[in-house]
Amino acid sequence: MSTYGRLYNWYAVDDDRSLCPSGWHAAADNDWISVVDLLGGDSSSGIALKSQQGWNDDGDGNDSVGFSALPGGVRAETGVYLNKGAGGYWWTSSPSDSTAYSRDMQANANYCSRGDDYSLSAGFSVRCIKD
């Protein structure tokens, strides 16, 4: 946990008590879109966001913007932990119909993919940003 941080279900992200410190908030879908677009779009921005170490199979990034994304994996809704070292998954604070938007990066790719097809009970990382 100390290397990759904690994993949260989306209900913790959406909770009024806020998992981010005072003066910070969980990144919304639009926050992610702005950063990803600035770095060349979904298909290539992962390399700039990923940390320079910690990713399996030589999948490290260049961390050119200091985001230092780590592959904390996911906790499936069944409670099983998967993909630590191979994939990073982040909830946004933005709902999407019956689920919520998320982002993921994988060791074997340079993308930062946007999705909304995960169970809200799954455990992902969360990026807090300054208000």
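Shown above is the structure to which this text applies.
One structure accompanies this document, and this report is about it. (Residues numbered from 1 in each chain as written. Predicted model: local features only at pLDDT ≥ 70, side-chain atom pairs only at ≥ 80, totals over all residues. Heavy atoms only, no water.)

A word on helix α2 (residues 29-38)
Thinking step 1. Here α2 has its buried residues at Asp29, Trp32 and Val36. Buried residues of α2 fall within an arc of 65 degrees about the axis and therefore sit on the same side. Across α2 from its buried face, at more than 90 degrees, point the exposed residues Asn30, Asp37 and Leu38.
Thinking step 2. In the segment just after α2, glycine 40 is the residue with positive phi, at about 105 degrees. (Buried < 20%, exposed > 50% of the residue type's maximum accessible area, 1.4 Å probe, protein only. Helix = DSSP H or I, 4+ residues; strand = E, 2+ residues; numbered from the N terminus. Arc of directions from axis to C-beta.)

Details of the environment of serine 93
Thinking step 1. In this fold, serine 93 is placed in strand β4 (residues 87-96).
Thinking step 2. Residues serine 93 and histidine 25 lie 68 residues apart in sequence; the distance between their C-alpha atoms is 8.6 Å.
Thinking step 3. Leaving out residues up to four positions away in the same chain, serine 93 has contacts with Trp10, Val13, Ala26, Ala27 and Ala28.
Thinking step 4. At 3.4 Å, the side chain of serine 93 and the backbone oxygen of alanine 26 are in polar contact. (Contact = heavy atoms within 4.5 Å. Polar contact = N/O pair within 3.5 Å; in protein donor to acceptor, adjacent residues only side chain to side chain.)

Topic: the packing of aromatic side chains
Thinking step 1. By the definition in use, this model includes 6 aromatic pairs.
Thinking step 2. Between tryptophan 32 and phenylalanine 67 the ring centres are 5.4 Å apart and the planes differ by 65 degrees, which places this aromatic pair in the edge-to-face class. On the criterion of sequence distance, the pair formed by tryptophan 32 in helix α2 and phenylalanine 67 in the loop between α3 (46-49) and β2 (74-75) is long-range, its members being 35 residues apart.
Thinking step 3. Residue tryptophan 32 is classed as buried on the basis of its relative accessible area, which comes to 3%. (Phe/Tyr/Trp six-rings, centres within 6.5 Å; stacked < 30°, edge-to-face > 60°.)

Observations regarding the sheet that holds strand β5 (residues 99-106)
Thinking step 1. An order of β6-β5-β4-β7 is seen for the 4 strands of this open sheet, with the pairing classed as mixed. Either end of the sheet is taken by a strand with one partner, and the two such strands are β6 (113-115) and β7 (125-126).
Thinking step 2. Of the pairings in the sheet, the one linking β4 to β7 comprises 2 bridges and is parallel in character. Bridging from a neighbouring strand, tryptophan 90 pairs with serine 125 of β7. (Pairing = 2+ DSSP bridges.)

A few points about unusual backbone geometry
Thinking step 1. Positive phi outside glycine occurs at aspartate 57, with the angle close to 55 degrees.
Thinking step 2. Here aspartate 57 lies in the loop between α3 and β2.
Thinking step 3. A positive phi angle, close to 65 degrees, is found at asparagine 83, a residue other than glycine.
Thinking step 4. Along the polypeptide, asparagine 83 turns up in the loop between β3 (81-82) and β4.
Thinking step 5. Here asparagine 83 falls in the partly exposed class, since its relative accessible area comes to 37%.

Points about the nonpolar core
Thinking step 1. Residues Trp10, Val13, Cys20, Ala26, Val74, Tyr89, Trp91, Ala100, Leu120, Ala122, Phe124 and Val126 constitute the largest nonpolar core, which totals 12 residues.
Thinking step 2. Listing elements by their share of this core, those giving two or more residues are α1 (10-14) and β4.
Thinking step 3. Ala27, Trp32, Trp55 and Ala69 belong to the second-largest nonpolar core, a separate cluster that totals 11 residues. (Core = buried A, V, L, I, M, F, W, Y, C linked by side-chain atoms within 4.5 Å.)

Interpretation in functional terms is not warranted from these geometric data alone.
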